[in-house]
Amino acid sequence: MSAVDLARLQFALLAATHFLFVLLTLGLGPVVAVLGTRWAVTGREVFERATRFWGQLYLVNYALGIAAGIVLELQFGMHFPGLLDVAGEVFGAPLAVETMVAFFLESTLLGLWVFGWHQLPRWLHATLFWLVVLTGYASAFTVMVANGFLKNPVGYELVDGVAHITDTAALILNPAALVSSLHVLGACLVAGGFVLVGVSASRLRLHPATGGRQRAGRQPADVDEDLWRRSMRAGIATGLVGALLATGAGYAQFTYLDMDDAVAVYPGVVGTSLAVMMGFANLVVLGGWVLALLLIRGALFRLRPRVRNGLFRTLAVLLPAPFVVGILGWLVRELGRQPWVVVGVLRTEDVVSDQPASAVLTSLVVLVGLMVTLAVLDWWVLRRLAARGAEGLVLGAPPGQVLHDDGAGPEDLLRFGAAPEGLRAAPEVVR
Amino acid sequence: MTAAVWGVLLTVLLAGWALLDGAVQGTGAALGSAPTGAERRVRLAAVGPLLLAGEVWLVAAAGVLVGAFPHAESALAAAGYPVLVALVASWAARDAGLWLRSRRASAVWRSAWDRVIVVASTVLSAAFGALLGVVWGSVWAAAGLAVTFVLLVRLHGAAVVARRLGTTARAPLWLTSVAVLSPVLVTVVAAWPALMHGAVSVSALAALGGIVLAALPALVVVQVAAWWLVARPLGRRDVVFF
Ligand code: HEM
């Protein structure tokens, strides 16, 4: 393989890894925000548990997502310097806004949400997460503005071979940024929906009241069952809204895309991926409506045990599907752009750095190997956390309790407000 | 905003990262010196709120490089290629270590991640120091600054943790803060002419500047709130997550 191919492969693999995390961050975010708000308003335990459970999954997913994003950000300078030299001003501007404003706010706000848990008033705490979602979406949009420019370059002029912005509004309102952002948002909500539904289905199957051979009651038997039923409902709604959005915006993309050009260079991969994506969306819309209808009077939870167990198992198994389809979507977009990096302006082969192939291969092995290893470990942890349910959550737990579970000494426990065993026993002895 | 103002912004972002994330790196690199698991966790809790609020500064600095000084960015990437690979790889590994270590109770799991955190934090500070050295254009500068930065963040991390545990006064923290900032400041001053040469057009700088200035109040408010979380002694209202 040449240095060009290796650089492209490296970027594609890192971008795909990064995007798998993004799908869940953006898809789960609004649901955590709603749950947190309902907890702040009602003070009910089921919403507290739900916020902490889904919030913890959100965090562990987010953490690796930004690590992968950071690795990706440096790929431009390392391997595609020609892109920065020619289009740096146009392509770099939205990325600069992303890193300096949107991501900066998103990450700091999320840190406040996690670490201000025991200090901030509940309403402010709930508001913080809405701001996390908002800035997260803004962050995704700015990236789509940069990416949209590559697909459909508008609002610029070339002077002495360097692109300058002439029309900021055109750059932002570019359909390749705006419509595609809605399409990606739909894809993310579908992914969030599948995770909510899949995890809730597994939890319900193991629950004494809904699992096994019994028929479940109309009302949830306890807080735990209430939590998973609510999560299931939230997941069905999120997934259905997402699928409708992805479909609407998906077809709207054909108004400005030339699909003949898109399938020209890689007809097999692009054509097949597109077909799979469209078929999948139809199935999700259909399945989403069926599940939504089954929510009427809680019928979904009261199906005959055999039917219910089979259905819930299927829903759990389907969890990875939207993630696979999301990657196929990116293959359509990115491969469909070739041989151009900026359509009609700049060819991919002309922007690659003159690092020798051996150096690019080394960085590919190091960075991709590392990121894939970390990603797999992260997904494994997410799976284990999901399987543990709402027991032993660390997010939002009193610090003394967490350290107590870690076997901290009396001095540390006192500092964090937990009475060490011996001290707690003392007054009783006196009495 | 002119290229010079952008240069100052870049300097502030790099210095801010050294100060905030430096504390996390130093604490991570010294994690092995805490004898018990609970003590390690207390130390991580002391710097916990600085992780998300700190690493965004270097991401933003990279954004300023791409947006305002793309030519400087591609030149730096060409000269410092292996150092950059080490920097992003160790950064990712350090973050994964911090987020994942306490997610399972197994002692093997935790001690394996603790090792990752120690090594990755050390490599991260070394790589940043070396990258500053690349700007100076000599291998010796790279090696020297790598070692210097590793040592300085160790002291800085220890000072932050001690301060939060209430075992020192404020003075050592001031000292280590100035110490971790200084290599960054000196390097930017030396590289200033080359940096200005790599800037994009004046109109682009102005447009970008407008957006950043508009967002500045919000950026400052959330950052100050994050510092407020670590400005007090560690206690019952803190969160132990890492
Ligand atoms: C739930 C189902 C779907 C998912 C998860 C999904 C996901 C994605 C993603 C992540 C992308 C890359 C980003 C982008 O260009 O927006 C993409 C691209 C694309 N999708 Fe979908 N999609 C789905 C359904 C559909 C449907 C129903 C259509 C309708 C025709 C469609 C048509 C396209 C096209 C044409 C592109 C390439 C856009 C370009 O080259 O600029 N997708 N999809």
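Residues numbered from 1 in each chain as written. Chains lettered and ligands numbered in written order. Predicted model: local features only at pLDDT ≥ 70, side-chain atom pairs only at ≥ 80, totals over all residues. Heavy atoms only, no water.

Some words on a positive patch on the surface
All names here are of chain A.
Thinking step 1. Taken together, the side chains of Arg215, Arg218, Arg297, Arg302, Arg304 and Arg306 define a basic patch exposed on the protein surface.
Thinking step 2. With respect to the helices and strands, arginine 304 occurs in the loop between helix H10 (267-294) and helix H11 (305-317).
Thinking step 3. You can call arginine 304 exposed: its relative accessible area is 56%. (Patch = residues over 30% accessible without salt bridge, like charges linked within 9 Å, V, L, I, M, F, W, Y side chains within 5 Å. Areas by Shrake-Rupley, 256 points an atom, 1.4 Å probe, with all protein chains shown as cover. Salt bridge = Lys/Arg side-chain N within 4 Å of Asp/Glu carboxyl O. Lys, Arg positive; Asp, Glu negative; His and termini not counted. Charge placed at Lys NZ, Arg CZ, Asp CG, Glu CD. Helix = DSSP H or I, 4+ residues; strand = E, 2+ residues; numbered from the N terminus. Buried < 20%, exposed > 50% of the residue type's maximum accessible area, 1.4 Å probe, protein only.)

A look at the confidence of the model for chain B
Thinking step 1. With 98% of its residues at a pLDDT of at least 70, chain B reaches an overall mean of 90.
Thinking step 2. Across the interfaces of the predicted complex, the ipTM metric reaches 0.93, alongside a pTM of 0.93. (pLDDT = per-residue confidence, 0-100.)

So, the pairing of strand E2 (residues 162-165) of chain A
All names here are of chain A.
Thinking step 1. Here strand E1 (residues 156-159) pairs with E2 via four bridges, running antiparallel. Its bridge partner lying in E2, glutamate 157 is registered against histidine 164.
Thinking step 2. In this antiparallel pair of consecutive strands, E1 and E2, the connection spans two residues, and aspartate 160 shows a positive phi of 50°. (Pairing = 2+ DSSP bridges.)

Examining the side chain of arginine 333 of chain A
Thinking step 1. With respect to the helices and strands, arginine 333 of chain A occurs in helix H12 (residues 321-335).
Thinking step 2. It turns out arginine 333 of chain A is buried and unbridged, and the closest side chain with the opposite charge, glutamate 334 of chain A, is 4.4 Å from it.

Things to note about the packing of aromatic side chains
Thinking step 1. Within this structure, the stated rule accounts for 26 aromatic pairs over all chains.
Thinking step 2. Seen from their ring centres, phenylalanine 19 of chain A and tryptophan 330 of chain A are 5.5 Å apart, and the 80° between their planes marks the pair as edge-to-face. Of the two residues, phenylalanine 19 of chain A is situated in helix H1 (residues 3-42) and tryptophan 330 of chain A in helix H12; the sequence distance between them amounts to 311 residues.
Thinking step 3. Relative to phenylalanine 242 of chain B, the ring of phenylalanine 115 of chain A has its centre 5.6 Å away and its plane inclined at 45°; by these criteria the two rings are tilted. Of this pair, phenylalanine 115 of chain A sits in helix H4 (residues 81-115) while phenylalanine 242 of chain B sits in the segment after helix H8 (202-230), on two different chains. The burial state of phenylalanine 115 of chain A is the same as that of phenylalanine 242 of chain B; both residues are buried.
Thinking step 4. Taken together, the ring pairs in this structure connect Trp39, Tyr58, Tyr62, Trp113, Trp117 and Phe129 of chain A into an aromatic cluster.
Thinking step 5. Just above the ring of tryptophan 340 of chain A sits the side chain of arginine 347 of chain A; from NZ or CZ to the centre is 4.5 Å.
Thinking step 6. In this structure, arginine 103 of chain B packs its charged tip against the face of phenylalanine 241 of chain B, placed 4.0 Å from the ring centre. (Phe/Tyr/Trp six-rings, centres within 6.5 Å; stacked < 30°, edge-to-face > 60°. Lys NZ or Arg CZ within 6 Å of the ring centre and 35° of its normal.)

Topic: the site of the ligand
Residue and element names in this part refer to chain A.
Thinking step 1. Lining the immediate surroundings of the ligand are 24 residues, of which Lys151, His183, Phe254, Met277 and Arg333 lie closest.
Thinking step 2. The contact in question runs from an oxygen atom of the ligand to an N or O atom on the side chain of lysine 151, over 2.9 Å.
Thinking step 3. Here a nitrogen atom of the ligand sits 2.7 Å away from a polar atom, N or O, in the side chain of histidine 183.
Thinking step 4. Here the ligand is seated within the largest cavity.
Thinking step 5. Elements represented by at least two residues in the shell around the ligand include exactly helix H7 (175-206), helix H8 (223-252), H10 and H12.
Thinking step 6. When residues in the shell around the ligand are grouped by element, the largest group, six residues, is from H12.
Thinking step 7. Class assignment for the residues of the shell around the ligand results in 15 nonpolar, seven polar and two charged. (Near = heavy atom within 4 Å. Polar contact = N/O pair within 3.5 Å; in protein donor to acceptor, adjacent residues only side chain to side chain. 1 Å grid on protein atoms, 1.4 Å probe; cavity = no way out; pocket = protein on both sides within 12 Å on 5 of 7 lines; lining within 4 Å. Sits in = over half its atoms within 2 Å of the grid points. Nonpolar A, V, L, I, M, F, W, Y, C, P; charged D, E, K, R; others polar.)

Focus: the side chain of threonine 176 of chain B
Residue and element names in this part refer to chain B.
Thinking step 1. Mapped onto the secondary structure, threonine 176 falls in helix H7 (residues 171-197).
Thinking step 2. When its relative accessible area of 11% is taken as the criterion, threonine 176 is described as buried.
Thinking step 3. Contacts of threonine 176, omitting those with residues within four sequence positions, involve Leu155, His156 and Ala159. (Contact = heavy atoms within 4.5 Å.)

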